Amino acid sequence: MNDSPNYLYKIQPARPAMLTEGPTPQEETVVGEHFAYLQRLTAAGVVFLAGRTLNTDTSSFGIVIFHAADEESARQIMLEDPAVRQGVMRAELYPYRIALLGNLLPGG
């Protein structure tokens, strides 16, 4: 495991109806950019895990667990996420300690 501190950012749709009524064309584009951004960070060894809950009510959320040198760098990574930067998702940053890390999930 990397010695850099770990962080987690939680994201939720700025417009909850995006999950129940479907995304607008602009939201769909931005969510695609968001996914590509996280793919690049994962390939670079920055992101450990990214995913979302499968419910579609207002409690739905996604998380990104990642390495960063410090809180300022972590905040910058979060703010550069296209979904956050373009206001499709709102985000909250937390310092995070991984206590246990198992093998890949089945099908992962």
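Residues numbered from 1 in each chain as written. Predicted model: local features only at pLDDT ≥ 70, side-chain atom pairs only at ≥ 80, totals over all residues. Heavy atoms only, no water.

S.K.: When you look at the side chain of E27 in this model, what are you seeing that I'm missing?
M.R.: By the element assignment, E27 lies in helix α2 (residues 25-43). A polar atom in the side chain of E27 sits 2.8 Å from the side chain of R15. Within polar-contact distance, the side chain of E27 engages the backbone nitrogen of T24 at 2.8 Å. Beyond its immediate chain neighbours, meaning those up to four positions away, E27 contacts R15, M18, G22 and V88. (Helix = DSSP H or I, 4+ residues; strand = E, 2+ residues; numbered from the N terminus. Polar contact = N/O pair within 3.5 Å; in protein donor to acceptor, adjacent residues only side chain to side chain. Contact = heavy atoms within 4.5 Å.)

S.K.: What am I meant to see in the packing of aromatic side chains here?
M.R.: Two descriptors summarise a pair of aromatic rings, namely the distance from one centre to the other and the angle between the planes of the rings. Counting across every chain of the model gives two aromatic pairs. Look at Y7 and F66: their rings are 6.2 Å apart centre to centre, the planes differ by 35 degrees, and that puts the pair in the tilted class. Taken together, the positions of Y7 in strand β1 (residues 6-13) and F66 in strand β3 (residues 62-67) put the pair 59 residues apart, joining distant regions of the chain. Its relative accessible area of 8% is what places Y7 among the buried residues. Overall, the relative accessible area of 0% leaves F66 in the buried class. For the pair Y9 and F66, a centre-to-centre distance of 5.6 Å together with 75 degrees between the ring planes defines the contact as edge-to-face. In this pair, Y9 is assigned in strand β1 and F66 in strand β3, connecting sequence segments 57 residues apart. Here Y9 falls in the buried class, since its relative accessible area comes to 0%. Joined through ring pairs, the aromatic side chains of Y7, Y9 and F66 make up one cluster. (Phe/Tyr/Trp six-rings, centres within 6.5 Å; stacked < 30°, edge-to-face > 60°. Buried < 20%, exposed > 50% of the residue type's maximum accessible area, 1.4 Å probe, protein only.)

S.K.: In this structure, what is going on with the pairing of β3? I would like to understand it.
M.R.: For a regular strand, the rule is simple: side chains alternate between the two faces of the sheet. Counted residue by residue, β3 has five buried out of six residues, so it is predominantly covered. Sheet topology places β1 next to β3; six bridges connect them, and they run antiparallel. Across the sheet, the residue bridging to N6 is H67, located in β3. Two elements, strand β2 (residues 47-52) and β3, share five bridges in a ladder whose sense is antiparallel. Across the sheet, the residue bridging to L49 is I65, located in β3. (Pairing = 2+ DSSP bridges.)

S.K.: What exactly am I supposed to notice about the pattern of salt bridges here?
M.R.: Between side chains of opposite charge, a pair can form as their charged atoms come close. Applying the stated criterion across every chain yields a total of two salt bridges. Residue E27 is joined to R15 by a salt bridge in which the shortest nitrogen-to-oxygen separation is 2.8 Å. Remark: R15 occurs in the loop between β1 and α1 (17-20) and E27 occurs in helix α2; sequence separation between them is 12 residues. With relative accessibility at 28%, the residue R15 sits in the partly exposed group. The partner of R75 in a salt bridge is E71, and the shortest N-O contact between them spans 3.2 Å. (Salt bridge = Lys/Arg side-chain N within 4 Å of Asp/Glu carboxyl O.)

S.K.: Before we go on, may I ask you to explain the sheet that holds strand β4 (residues 89-96) in this structure?
M.R.: One key point about sheets: their strands pair by backbone hydrogen bonds, in either a parallel or an antiparallel sense. Spatial strand order, β2-β3-β1-β4: four strands in an open sheet with antiparallel pairing. Looking along the sheet, the strands with just one partner apiece sit at the ends: β2 and β4. The mean angle between the axes of side-by-side strands here comes to 15 degrees, regardless of whether they run parallel or antiparallel. With eight bridges joining them, β1 and β4 adopt antiparallel strand pairing. Residue pairing for β4: Y7 is matched across the bridge by P95. The strands touched by α2 are β1, β2, β3 and β4; relative to β2, the strand with the most contacts, the crossing angle is about 155 degrees. Contacting β1, β3 and β4, helix α3 (residues 71-80) runs over the sheet at an angle of about 155 degrees to β4. (Axes fitted to C-alpha atoms, helices over the stretch in contact; angles between N-to-C directions.)

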